[in-house]
Amino acid sequence: LPSCQLCLCLGTSVYCDDAGLERVPALPADTTYLYARFNRIGAVRSGDFSGLEKLKRIDLSSNSISWADADAFRRLPSLQELLLPENLLTARRFISKGFLSVGVHLRGFISALSLQDLKQLQFLHLSDNQLDFIPVPLPESLRSLHLQNNKIQTMHEDTFCDSQEQGQIRQALEDIRLDGNPINLSLFPNAFFCLPRLPTGRF
Ligand SMILES: *[C@@H]1O[C@H](CO)[C@@H](O)[C@H](O)[C@H]1NC(C)=O
């Protein structure tokens, strides 16, 4: 595969850090870990990760990603870590192909992105982007959500906890970072009752 000439394939890990890439390289079907940090990748397309059923970690930190197709991360049954910090993602571009401006559509398209289908996802790191919305619904398996240094000003009360289900406990989700955003978390007193720990951020 071309990626193993351009990058270093070691076992089932593919190392493509700082390789001048402008797009996600074609990957061997048995890839489990992809490291493609410090490149110039601008978009993630629907076909980029298709059929990679063993993929556990995608690390695209420090690229120029401003676009991800709605189904770019679909059908990745083994994915545990999706790491996209230090990119140019905005909520709207992250979640949709078209021009959408209202919350209802945002929710619809976030569902279309299907993070929820990532049944094994534990780490979702989106710090240092331009996001103004927390992507929902968040998979139940999630342990760590990093959204520090974005543009999030507000959130829905049901983002983390289901307000209809007062007994709910989301034991896994213990690391939420919202510091470095303009949101005042005191304004959402009912949004955190199911969490083992409060998010970091301004209260
Ligand atoms: C956040 O909002 C609360 C309630 O309105 C207010 O008391 C608090 O000072 C605000 N905190 C910041 C950091 O703006």
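Since we're looking at a predicted model, the values are computed, not measured. (Residues numbered from 1 in each chain as written. Predicted model: local features only at pLDDT ≥ 70, side-chain atom pairs only at ≥ 80, totals over all residues. Heavy atoms only, no water.)

On to unusual backbone geometry. Look at F38: it is not a glycine, yet its phi comes out positive at around 55°. When you line up the elements, F38 lands in the loop between β3 (33–35) and β4 (43–44). With a phi angle near 50°, R75 is a residue other than glycine that sits in the positive phi range. Mapped onto the fold, R75 is located in the loop between β6 (67–68) and β7 (81–83). (Helix = DSSP H or I, 4+ residues; strand = E, 2+ residues; numbered from the N terminus.)

The subject of this paragraph is the sheet that holds strand β2 (residues 13–15). Strand order in this open sheet of eight strands is β1-β2-β3-β5-β7-β8-β9-β10, and the pairing throughout is mixed. Each of the sheet's edge strands pairs with one partner strand only, and the pair in question is β1 (8–10) and β10 (175–177). Going from strand to strand, the sheet's axes swing by 5° on average, the running direction of each strand aside. Judged from the three bridges that link them, β1 and β2 form a sheet pairing that is antiparallel. (Pairing = 2+ DSSP bridges. Axes fitted to C-alpha atoms, helices over the stretch in contact; angles between N-to-C directions.)

A word on the state of the cysteines. Across all of its chains, the model carries three disulfides by this definition. Linked covalently through their sulfurs, C7 and C16 form a disulfide whose S-S length is 2.0 Å. Negative torsions about the S-S bond denote left-handed disulfides, and the value of about 95° found for C7 with C16 makes this one right-handed. Here the two residues C7 and C16 agree in accessibility, since each one is buried. (Disulfide = S-S within 2.5 Å. Buried < 20%, exposed > 50% of the residue type's maximum accessible area, 1.4 Å probe, protein only.)

Another point: the packing of aromatic side chains. In total, this model carries four aromatic pairs according to the counting rule given. Ring centres 5.0 Å apart and planes at 5° place the aromatic pair Y15 and Y35 in the stacked group. You can see Y15 sitting in strand β2 and its partner Y35 sitting in strand β3, a full 20 residues away along the chain. The interplanar angle of 25° and the centroid separation of 5.9 Å between the aromatic rings of F49 and F73 together place this pair among those described as stacked. (Phe/Tyr/Trp six-rings, centres within 6.5 Å; stacked < 30°, edge-to-face > 60°.)

We now examine the site of the ligand. In the region of the ligand, the neighbouring residues are N184, S186, L187, R202 and F203. Protein chains shield 40% of the accessible area of the ligand, which is 360 Å² for the free molecule. Counted by class, the shell around the ligand contains two nonpolar, two polar and one charged residues. (Near = heavy atom within 4 Å. Areas by Shrake-Rupley, 256 points an atom, 1.4 Å probe, with all protein chains shown as cover. Nonpolar A, V, L, I, M, F, W, Y, C, P; charged D, E, K, R; others polar.)

Mapped onto this structure's residue numbering, the UniProt feature "domain: LRRNT" (unreviewed entry) falls at residues 3–33. Along residues 3–33 the backbone is 13% helical and 23% strand, and the end-to-end C-alpha distance reaches 13 Å. (UniProt positions renumbered as here; feature names shortened; annotations may be inferred.)

Turning next to the nonpolar core. In terms of nonpolar packing, the biggest core is built from 49 residues, with F49, F73 and F160 touching the most fellow members. Apart from the residues within four sequence positions on either side, F49 is in contact with V24, L27, L34, V44, L55, I58, L60, A72, F73 and L76. (Core = buried A, V, L, I, M, F, W, Y, C linked by side-chain atoms within 4.5 Å. Contact = heavy atoms within 4.5 Å.)

For the rest of this paragraph, the subject is a nonpolar patch on the surface. A contiguous nonpolar patch, built from L8, L10 and Y15 and spanning about 280 Å² of accessible area, is present on the exposed surface. According to the relative accessible area criterion, Y15 is partly exposed, its value standing at 33%. (Patch = residues over 30% accessible without salt bridge, like charges linked within 9 Å, V, L, I, M, F, W, Y side chains within 5 Å. Salt bridge = Lys/Arg side-chain N within 4 Å of Asp/Glu carboxyl O.)

This paragraph deals with the pattern of salt bridges. Within the structure shown, the criterion is met by seven salt bridges. Between D48 and R23 there is a salt bridge, with its nearest N and O atoms 3.3 Å apart. Of this pair, D48 sits in the loop between β4 and β5 (57–59) while R23 sits in the loop between β2 and β3, placing them 25 residues apart in sequence. Exposure remark for D48: the relative accessible area of 11% places this residue in the buried category. Beyond isolated ion pairs, a larger network of salt bridges with shared partners links D17, R37 and D59.

This brings us to the confidence of the model for the protein. Chain-level pLDDT for the protein is 87 on average; 87% of the residues reach the 70-or-more range. Taken together, the stretch residues 93–112 has pLDDT below 50 and engages in 35 contacts with residues farther than four places along the chain or on a different chain. (pLDDT = per-residue confidence, 0-100.)

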